[in-house]
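Structural overview for review
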Amino acid sequence: YTVTITGVDLAGNSSEPVIIADVRFDAIAPVFADVKPDSGGYVNSTNLTYFLSETIASGTVIWESQMPELDAEQQYIVELEGDELSGGLHENMVFSNAPTLIDGAVYTVQLSGADAAENFSDTVMISHVTYDAEPPVVELFQPVAQSFIKSPNLSYILSEDLSKGVARWERT
């Protein structure tokens with residue numbers, strides 16, 4: 001829009017027009033959508049996936065520890081920068097100000113932002129996100145090397161729950 005303001009005083013004198021060009025009207029708040037990970041999820045990095053309905057002027061991602069006994073820092077605030085603020089899909093976004101989280105800690109993640117017209121997004125909250133950057137340890141007890149067995153049973157211990165595991169028997 002172009003805004004022009006003029007006035008006439010009580011004596012009938014007209015002011016010079018004041019013209020303001022290139023004014024953009026925006027009354028719609030930005031929206032964060034399709035945010036990943038899901039609540040209750042496990043992550044091994046601070047990367048997130050999100051869709052922004054428009055480019056924003058400022059935004060934050062807050063990682064808040066739900067386990068103060070593990071993570072004394074408690075809260076990590078990431079100010080979004082550059083491409084992190086642009087509208088559209090951000091898949092597995094690596095943040096320039098990514099925090100260093102504590103392995104095994106559980107976090108609540110909050111995303112929020114504001115556009116250039118100071119319309120504020122709703123805060124998106126993802127709860128119970130477990131940060132797990134350590135690989136699992138698998139210990140195999142049975143069978144032992146160079147043994148004879150009559151069934152393919154395995155005896156093993158896992159350091160943590162797995163989402164997938166494979167036991168492969170190969171003839172040598």
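First, a word on scope: everything that follows refers to the structure included in this document.

Conventions we followed
Residues numbered from 1 in each chain as written. Predicted model: local features only at pLDDT ≥ 70, side-chain atom pairs only at ≥ 80, totals over all residues. Heavy atoms only, no water. Helix = DSSP H or I, 4+ residues; strand = E, 2+ residues; numbered from the N terminus. Rg over C-alpha atoms; globule rule 2.2 N^0.38 Å. Buried < 20%, exposed > 50% of the residue type's maximum accessible area, 1.4 Å probe, protein only. Areas by Shrake-Rupley, 256 points an atom, 1.4 Å probe, with all protein chains shown as cover. Lys, Arg positive; Asp, Glu negative; His and termini not counted. Charge placed at Lys NZ, Arg CZ, Asp CG, Glu CD. Pairing = 2+ DSSP bridges. Axes fitted to C-alpha atoms, helices over the stretch in contact; angles between N-to-C directions. Core = buried A, V, L, I, M, F, W, Y, C linked by side-chain atoms within 4.5 Å. Contact = heavy atoms within 4.5 Å. Salt bridge = Lys/Arg side-chain N within 4 Å of Asp/Glu carboxyl O.

Bringing the overall build of the protein chain into the picture now. Summing up its helical and strand segments, the protein chain has zero helices and 12 strands in all. Starting at the N terminus and ending at the C terminus, the protein chain contains elements arranged as β-β-β-β-β-β-β-β-β-β-β-β. Relative to the compact-globule value of 16 Å for 172 residues, the protein chain shows a C-alpha radius of gyration of 28 Å, a clear excess of over 25%. Expressed along its principal axes, the backbone C-alpha trace of the protein chain runs to roughly 110 × 40 × 20 Å. Residues classed as buried in the protein chain amount to 30% of the 172 residues present. With the model as given, the accessible surface of the protein chain reaches about 12100 Å², and the carbon-plus-sulfur share is 52%. Put simply, the protein chain has 6 plus and 26 minus side-chain charges, and the middle of one group is 28 Å from the middle of the other.

Turning to the sheet that holds strand S5 (residues 48-52), a few remarks are in order. Across the sheet, three strands lie side by side as S3-S5-S8; this open sheet has antiparallel pairing. Looking along the sheet, the strands with just one partner apiece sit at the ends: strand S3 (32-36) and strand S8 (88-93). When the angles between neighbouring strand axes are averaged without regard to direction, this sheet yields 10°. Where S3 lies against S5, three bridges are found, and the strand directions are antiparallel. Paired with Phe32 across the strands is Leu52, a residue of S5.

Turning our eyes to something else, we now look at the nonpolar core. Formed by 24 residues in total, the largest nonpolar core has its most connected members in Phe32, Tyr50, Val61, Trp63 and Leu111. If you list the elements that add at least two residues to this core, you get S3, S5, strand S6 (58-65), strand S7 (75-79), strand S9 (106-114) and strand S10 (124-131). If one sorts the elements of this core by residue count, S10 sits on top with four residues. Tyr50 has contacts with Phe32, Ala33, Asp34, Val35, Glu84, Gly88, Leu89, His90, Met93, Phe95 and Leu111, leaving out every residue within four places of it along the chain.

Residues Lys36 and Pro37 are joined by a peptide bond in cis, for which omega reads 15°. Cis rather than trans, the peptide bond between Gln142 and Pro143 has omega equal to 0°. Tracing the backbone shows Pro143 in the loop between strand S11 (138-142) and strand S12 (155-158). For Gln74, which is not glycine, the phi dihedral falls at a positive 75°. Here Gln74 lies in the loop between S6 and S7.

Scanning the entire structure with this criterion turns up two salt bridges. Note that Asp22 is salt-bridged to Arg24, the shortest N-O span being 3.5 Å. Here Lys36 makes a salt bridge to Asp38, at a shortest N to O gap of 3.2 Å. Judged by its relative accessible area of 42%, Lys36 is partly exposed.

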